[in-house]
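# Structure assessment
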Amino acid sequence: MKIKLIAAILCIAIAGINKAVAQEATEQKVVLVTLDGFRWQELFTGADPALIANKNYVQDTSGLKAEFWRSTPEARRKALLPFIWNEVVNLGEIHGNRTLGSKVNLTNAMWFSYPGYNEILTGKADDERITSNAKIQNPNRTILEKINNTEAYKDKVAAFSSWDVFPFIINEERSGVPVNAAFDSAETLPLTDREVFLNQLQKEIPSPWGSVRLDAFTHHYALEYLKKKHPSLVYIAYGETDDFAHDGEYDAYLHSAHTTDAMLKELWDSIQSDPFYKDQTTIIITTDHGRGTQPLDTWRSHGSDIKGADETWLIILGKGGAALGEVRSVEQLHPTRIVSLIEEILN
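### What to know about the pairing of strand β1 (residues 29–35)
The buried fraction of β1 is high, at seven of seven residues. Residues K29, V31, V33 and L35 of β1 are buried on one face, and the alternating residues V30, L32 and T34, pointing to the opposite face, are buried as well. Bridge analysis of β1 against strand β7 (residues 281–286) gives six bridges, and the strand direction is parallel. Across the sheet, the residue bridging to V31 is I283, located in β7. Sheet topology places β1 next to strand β6 (residues 233–238); six bridges connect them, and they run parallel. Along β6, the bridge assignment pairs L32 with Y235.

### A short note on empty space enclosed by the protein
Applying the stated rule across the entire model yields one cavity of 30 Å³ or more. If you add up the space inside the largest cavity, you get close to 30 Å³. Lining the largest cavity we find L226, K227, S270, I271, D274 and Y277. Those elements that place two or more of their residues in the lining of the largest cavity are α11 (215–229) and α13 (250–272).

### With respect to the side chain of D36
By the secondary structure assignment, D36 is in the loop between β1 and α2 (40–45). Here the side chain of D36 touches H289 through a polar contact of 3.5 Å, side chain to side chain.

### Topic: the layout of surface pockets
The volume enclosed by the largest pocket comes to roughly 210 Å³. Taken together, the elements giving at least two residues each to the lining of the largest pocket come down to β4 (157–161), β5 (179–181) and α11. In this structure, the second largest pocket encloses a volume near 150 Å³. Around the second largest pocket sit W40, Q41, R291, T293, Q294, K307, G308 and E311, which together line it. Among the residues forming the lining of the second largest pocket, the class breakdown is one nonpolar, four polar and three charged.

### As for the pattern of salt bridges
For the coordinates displayed, the defined rule picks out 17 salt bridges. Linking E145 and R174 is a salt bridge whose minimum nitrogen-to-oxygen distance equals 2.8 Å. Here R174 lies in helix α9 (residues 172–175) and E145 lies in helix α7 (residues 143–148), a separation of 29 residues in the sequence. We classify R174 as partly exposed; its relative accessible area is 31%. Two residues, D269 and K265, come together in a salt bridge whose shortest N-O distance is 3.2 Å. Taken together, the positions of D269 and K265, both in helix α13 and four residues apart, correspond to about one turn of that helix. Taking the relative accessible area as the measure of exposure, D269 reaches 33% and is therefore partly exposed. Via salt bridges that share partners, R39, E42 and D48 belong to a single interconnected network.

### Side note on the sheet that holds strand β2 (residues 93–95)
On the basis of which strands lie adjacent, the open sheet formed by eight strands has the order β5-β4-β6-β1-β7-β8-β2-β9 and mixed pairing. Here the strands that pair on one side only, and so sit at the sheet edges, are β5 and β9 (325–326). Alignment of β4 against β6, held across five bridges, turns out to be parallel. In the strand pairing of β6, A159 is matched with Y235. Here helix α6 (residues 113–122) sits on the sheet and contacts β1, β6 and β7; the angle it forms with β1, its principal contact strand, is near 165 degrees. With respect to the sheet, α13 is in contact with β1, β6, β7 and β8 (314–318), its orientation differing from that of β7 by roughly 165 degrees.

Quick notes on the rules
Residues numbered from 1 in each chain as written. Predicted model: local features only at pLDDT ≥ 70, side-chain atom pairs only at ≥ 80, totals over all residues. Heavy atoms only, no water. Buried < 20%, exposed > 50% of the residue type's maximum accessible area, 1.4 Å probe, protein only. Helix = DSSP H or I, 4+ residues; strand = E, 2+ residues; numbered from the N terminus. Pairing = 2+ DSSP bridges. 1 Å grid on protein atoms, 1.4 Å probe; cavity = no way out; pocket = protein on both sides within 12 Å on 5 of 7 lines; lining within 4 Å. Points joined across faces, edges and corners; volume = space filled by probe spheres on them. Polar contact = N/O pair within 3.5 Å; in protein donor to acceptor, adjacent residues only side chain to side chain. Nonpolar A, V, L, I, M, F, W, Y, C, P; charged D, E, K, R; others polar. Salt bridge = Lys/Arg side-chain N within 4 Å of Asp/Glu carboxyl O. Contact = heavy atoms within 4.5 Å. Axes fitted to C-alpha atoms, helices over the stretch in contact; angles between N-to-C directions.

If you want it as structure tokens, here you go:
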């Protein structure tokens, strides 16, 4: 009799565990991704004909043209961003091709990074208090902080970035959201073998910049954390495209974008191969600002004095999006909608 009672209790307990696991696996998840300062022009038309053969910005013009130059904008963008234009376009929605009438514009008046990220993460501009890229603690609460402070998603939120200002943008101390930024090592124990290797490698490979690490470290730290901790809301902020553009290196800018496209594919494939995330995850991809086009050298810059620096774009892939492909209708969107979209997805 005791054996039957114990067996019954065990069955009830196992059933409860299985139900909890099943519920957790069917909850919606979101991965927000940004490519710092990546222009809509390259996203939708590929390599810029005015820049790809310009020796002021490209060291090996013939080599770069062999890689990324094609006769049509559609072919050029596929060469530059094969994952986005061969796969994402068939699975998700891509907004911001201004030649087709689809527009995405910032609402802040600054048109550079901290104000742009504040707008994306809080759902509103703050032109009175967020007026520079200085390392000040964000007085506004981001969607990461709000979600992390709910009972359902406590300690299920994380952020990874290449730029060292993100702990301040997210206000890591107040929000409680762990932010692995710039040259931070992985610290969440137990470390995986890959994290141990990344920690060692990051110390041995110098970055070209003092405040931004190479995106490969941000990417792989984030992937390992996704596999190890299974957070429900993750933010990944790649930074190289903006810094290579500021340096006037159009070849490195294109190569970085091409590599990031491959990273996005690896991220998507990893998500779709993990039962926790598969078919229950939305990836939202955007940028914090645009860049100039005319005069030509303004492609290196952004800010309120640069025409076109408020022009951005938006990609939604996965459960929370629709298979609209490249949006070809007239529309006006703003990054402020991203917060409400995340709230809707996570309920």
